[in-house]
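Survey of secondary and tertiary structure
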Amino acid sequence: MRDVARRAGVSHQTVSRVINNPDQVSPATRARVVRAIEELGYKRNSAARALSVNRSGTIGVIDSGSRVFGQEVMLVSVEGAARDAGYATSVALVRSQDDEGVREAFEHLVELHVEGIVVMGNTVALAEAAAHVATRIPLAMVSSSEVHAPQIIRVAPATAEAGRVATRHLVEQGFRRIAHIAGPEGWLDAHAREAGWRTELAAHGLADGPVYRGDWMPEAGYRAGRTIASSGRFDAVFAANDHMALGALFAFSEAGLRVPDDIAIIGFDDIVGTAFFQPPLSTIRQNFDLIGRHCIDQLLAAINGEEAHDVVVPTELIVRASSLHTGVSGGG
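Residues numbered from 1 in each chain as written. Predicted model: local features only at pLDDT ≥ 70, side-chain atom pairs only at ≥ 80, totals over all residues. Heavy atoms only, no water.

For the rest of this paragraph, the subject is the sheet that holds strand 9 (residues 264-266). Read across the sheet, four strands follow the order 7-6-8-9 without closing on themselves; strand pairing throughout is parallel. The open sheet is flanked by strand 7 (211-213) and strand 9, the only strands paired with a single partner. On average, each strand axis in the sheet is tilted by 20 degrees relative to the strand beside it, whichever way the strands run. Alignment of strand 8 (residues 236-239) against strand 9, held across three bridges, turns out to be parallel. Each residue of the ladder has a partner; that of alanine 236, found in strand 9, is alanine 264. Here helix 9 (residues 188-203) sits on the sheet in contact with strand 6 (178-182), strand 7 and strand 8, set at roughly 170 degrees to strand 6. (Pairing = 2+ DSSP bridges. Helix = DSSP H or I, 4+ residues; strand = E, 2+ residues; numbered from the N terminus. Axes fitted to C-alpha atoms, helices over the stretch in contact; angles between N-to-C directions. Contact = heavy atoms within 4.5 Å.)

What follows covers the sheet that holds strand 11 (residues 311-312). Pairing within the open sheet is parallel, and its six strands lie in the order 2-1-3-4-5-11. The open sheet has two edge strands, strand 2 (88-93) and strand 11, and neither has a second partner. Summarising the sheet, strand 4 (residues 139-141) and strand 5 (residues 153-156) pair through two bridges and their orientation is parallel. Bridging from a neighbouring strand, alanine 140 pairs with isoleucine 153 of strand 5.

Before going further, it helps to examine the packing of aromatic side chains. Aromatic rings in a pair are described by how distant their centres are and how their planes are angled relative to each other. Per the stated rule, a full pass over the model turns up five aromatic pairs. Ring geometry for phenylalanine 69 versus phenylalanine 288: centroids 5.6 Å apart, planes at 80 degrees, classification edge-to-face. With a gap of 219 residues between them, phenylalanine 69 in the loop between strand 1 (58-63) and helix 5 (71-84) and phenylalanine 288 in helix 12 (residues 288-303) connect regions that are remote in the sequence. Residue classification places phenylalanine 288 among the buried residues on the basis of a relative accessible area of 8%. The ring of phenylalanine 268 carries arginine 193 above its face, with NZ or CZ at 3.8 Å from the centroid. (Phe/Tyr/Trp six-rings, centres within 6.5 Å; stacked < 30°, edge-to-face > 60°. Buried < 20%, exposed > 50% of the residue type's maximum accessible area, 1.4 Å probe, protein only. Lys NZ or Arg CZ within 6 Å of the ring centre and 35° of its normal.)

Time to look at the environment of leucine 249. By the secondary structure assignment, leucine 249 is in helix 11 (residues 242-254). Spatially, the C-alpha atoms of leucine 249 and glycine 221 are 8.3 Å apart, while their sequence positions differ by 28 residues. Residues in contact with leucine 249, not counting those within four places in the same chain, are Val259, Ile265, Phe277, Gln278, Pro279 and Leu281.

Of all the six residues making up strand 1, six are buried; the element is thus mostly covered by neighbouring parts of the structure. Residue alternation in strand 1 divides its side chains into two sets, Thr58, Gly60 and Ile62 and Ile59, Val61 and Asp63, and both sets are buried. In the sheet, strand 1 pairs with strand 2 via six bridges, with the strands oriented parallel. If you follow isoleucine 59 over to strand 2, its bridge partner there is threonine 89. Note on the crossover from strand 1 through helix 5 to strand 2: the handedness is right-handed. Pairing of strand 1 with strand 3 (residues 116-120) involves five bridges; the strand directions are parallel. Within strand 3, the residue paired with glycine 60 across the bridge is isoleucine 117. (Right-handed = clockwise from strand over helix to strand, strands pointing away.)

Right, let's talk about unusual backbone geometry for a bit. With an omega of 10 degrees, the peptide bond running from valine 259 to proline 260 counts as cis. Secondary-structure assignment places proline 260 in the loop between helix 11 and strand 9. The linkage connecting glutamine 278 with the following residue, proline 279, adopts the cis geometry, with an omega of -5 degrees. Relative to the helices and strands, proline 279 resides in the loop between strand 9 and strand 10 (283-285). Phi at histidine 113 takes a positive value of approximately 60 degrees, unusual for a residue other than glycine. If you trace the backbone, histidine 113 turns up in the loop between helix 6 (99-111) and strand 3. Judged by relative accessible area, which is 60%, histidine 113 ranks as exposed. A positive phi angle, close to 80 degrees, is found at tryptophan 216, a residue other than glycine. Following the sequence through the fold, tryptophan 216 ends up in the loop between strand 7 and helix 10 (218-231).

Shown next, in the form of structure tokens:
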């Protein structure tokens, strides 16, 4: 920095202001400093800067370790937003889903002196550990109102309401016997989507039938789809995510059921490729990129001593052929 200052004919404090608070420096001086930086190839030593201000300059990210679609999109978004704000990211993978595995991931980040943590994945175990850590470090979690700890910044769609929207769409299409392929026990998203399904069916005076418990993967949807097809009890299905809906579609095809003529289905997430399923899959779209960026925005507000807010990110019903009666057309 002192080399840059000598080349530009200014103090090293001025160089620091150009780097950190450029609006405080006149345009002419700023131009001289920037030109000197480019000529000398100066790069700021982030580690030294972090030591000088007693801050790590790092955001921690907890990855649940599941293969759930959306987390990789959010991770890219979180890393990009953090980097834009001048922060590095350090990811801790939850290597086992028990309490010890979850605690180990959080402790790893705490030992790195991260300035804040983003939690991707909203299991009960993650929520409980996050509530404890958030008393010491600013923490944002991709989870909706089902997490009640006030110290956690929550960023997510209103998942239960989105489950109602998916179920309501099927009811409005004339379907009355609607099964649900749910996510795994211990996942707050799974609980909320199931609750939305039950609530909406009750609002229309419809029975809510058995829940077919899955694990977010296509194989679970396939197993549930086979059971649903053999029962002959249902005319529609709300699957808690698109991967399980894909498995169910395969099971229905094997059983000789036509979708949506014999049985309709709607998923959740709008993963890449749903428009090319056979038939194209109706679904609830989540904006994973926006969720990730809101997490960083609110977390940085908390880190900087400003007021942080929970954020509810809108979802969108995407209607495709899988949930429409023959002869009815729709768009997404």
